[in-house]
Amino acid sequence: MHVSTLVDSIRQPEYTGANRCLPCTVTNLAIAAVISVVVGAFVPPAGLVLFVVAVAAVYLRGYLVPGTPAFTRRYLPDRLLAVFEKGSLSPDLAALDVETFLVDAGVVVETADDLDLDSDFEAAWYDRMRGLDDGETDVDELAVLAGLPPEEFRIDWHGDAFVALLGQERVGQWESRAAFVADVAAARELAARSPAWADAPLAYRSRVLGALRLFLERCPTCDGEVELAQEVVQSCCRNYDVVAANCVDCGARLLEADFDTSALEGDAA
């Protein structure tokens, strides 16, 4: 058997590459390191070989210990798992205020007790969404969104959701194609309205576009009604509360954002 064939037979794409779970990977590498140190204390060469084999297994399969997702979910606290999943923003990016940007760009307007979409922006946004109904152009639209050549991208679907990959690096993810259409159309309209849009970091633009989806009342692809609801979803390693926006007609998930239920409990108290 060729080496490449053997490697392919071992590899588990559902747990590696763009699908790799960072908490599970770190947990397995830590377990491998501890076991290798213990073995190496008695037989040094065996400890080194064991660690190399363990790292290769984690790289190819996504985990070393069977039942890893359940194991990680059970023994790692939610706060630690949340850090792995969310990562952190740079100080410069964290300082950028999404609401201020949208107000300054004339995209949203402040009312007595809330924020609403500017009516002109809303009409233009929906017009652009209606013009993006051909899924064959998604890679081209993604390239324009990121400002990179389309041949460098690929899209991997996972049910209704998909991730955008630049080589092996995940550069974006959307809950559905409808969410992607909303972002592309909004980015085009923002570029036409705000000179600051082109200079904003890509991660910040992603935050702005995600925030705008909170204002969607109609589905970008089927024009069905969009409904907001609180849900509990399960990732590889933990359960967490989210606010989700779904189309009641086609079922497209337009938004999923972490929601802190302790805030509600504090209000109730």
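Everything discussed here concerns the structure shown above.
Quick look at the structure, then.

Rules used throughout
Residues numbered from 1 in each chain as written. Predicted model: local features only at pLDDT ≥ 70, side-chain atom pairs only at ≥ 80, totals over all residues. Heavy atoms only, no water. Helix = DSSP H or I, 4+ residues; strand = E, 2+ residues; numbered from the N terminus. Buried < 20%, exposed > 50% of the residue type's maximum accessible area, 1.4 Å probe, protein only. Contact = heavy atoms within 4.5 Å. Areas by Shrake-Rupley, 256 points an atom, 1.4 Å probe, with all protein chains shown as cover. Core = buried A, V, L, I, M, F, W, Y, C linked by side-chain atoms within 4.5 Å. Pairing = 2+ DSSP bridges. Axes fitted to C-alpha atoms, helices over the stretch in contact; angles between N-to-C directions.

Regarding the overall build of the chain
Consideration 1: Helix and strand counts for the chain come out as 12 helices and 8 strands.
Consideration 2: Sorting the 269 residues of the chain into buried and exposed places 36% on the buried side.
Consideration 3: Put simply, 53% of the contacts in the chain that link residues at least 6 apart link residues at least 24 apart.
Consideration 4: In the structure as shown, the chain presents an accessible area of about 15,400 Å², 57% of it carried by carbon and sulfur atoms.

A closer look at the nonpolar core
As a rule of thumb, nonpolar side chains are buried together in soluble globular proteins.
Consideration 1: Counting residues in each nonpolar core, the largest one holds 45 residues, and the members touching the most others are Val107, Trp125, Leu190 and Leu212.
Consideration 2: Of the residues forming this core, the biggest block, 10 residues, is contributed by helix H10 (residues 177-193).
Consideration 3: If sequence neighbours within four positions are ignored, leucine 212 has contacts with Leu102, Val107, Leu117, Phe121, Trp125, Ala186 and Leu190.

Some words on the sheet that holds strand S5 (residues 169-174)
Consideration 1: The sheet built from 3 strands is open, its strands ordered S3-S4-S5 with antiparallel pairing. A single partner strand is all that each edge strand has here, and the edge strands are strand S3 (153-158) and S5. Adjacent strand axes in the sheet meet at a mean angle of 25°, parallel and antiparallel pairs treated alike.
Consideration 2: Pairing between strand S4 (residues 161-166) and S5: 5 bridges, direction antiparallel. Residue pairing in the sheet places phenylalanine 162 in a bridge with tryptophan 174 of S5.
Consideration 3: Contacting S3, S4 and S5, helix H9 (residues 138-146) crosses the sheet at an angle of about 120° to S3.
Consideration 4: Those strands touched by H10 are S3, S4 and S5, and its axis lies near 100° from that of S5.

Function-wise, these values are silent; they only describe arrangement.
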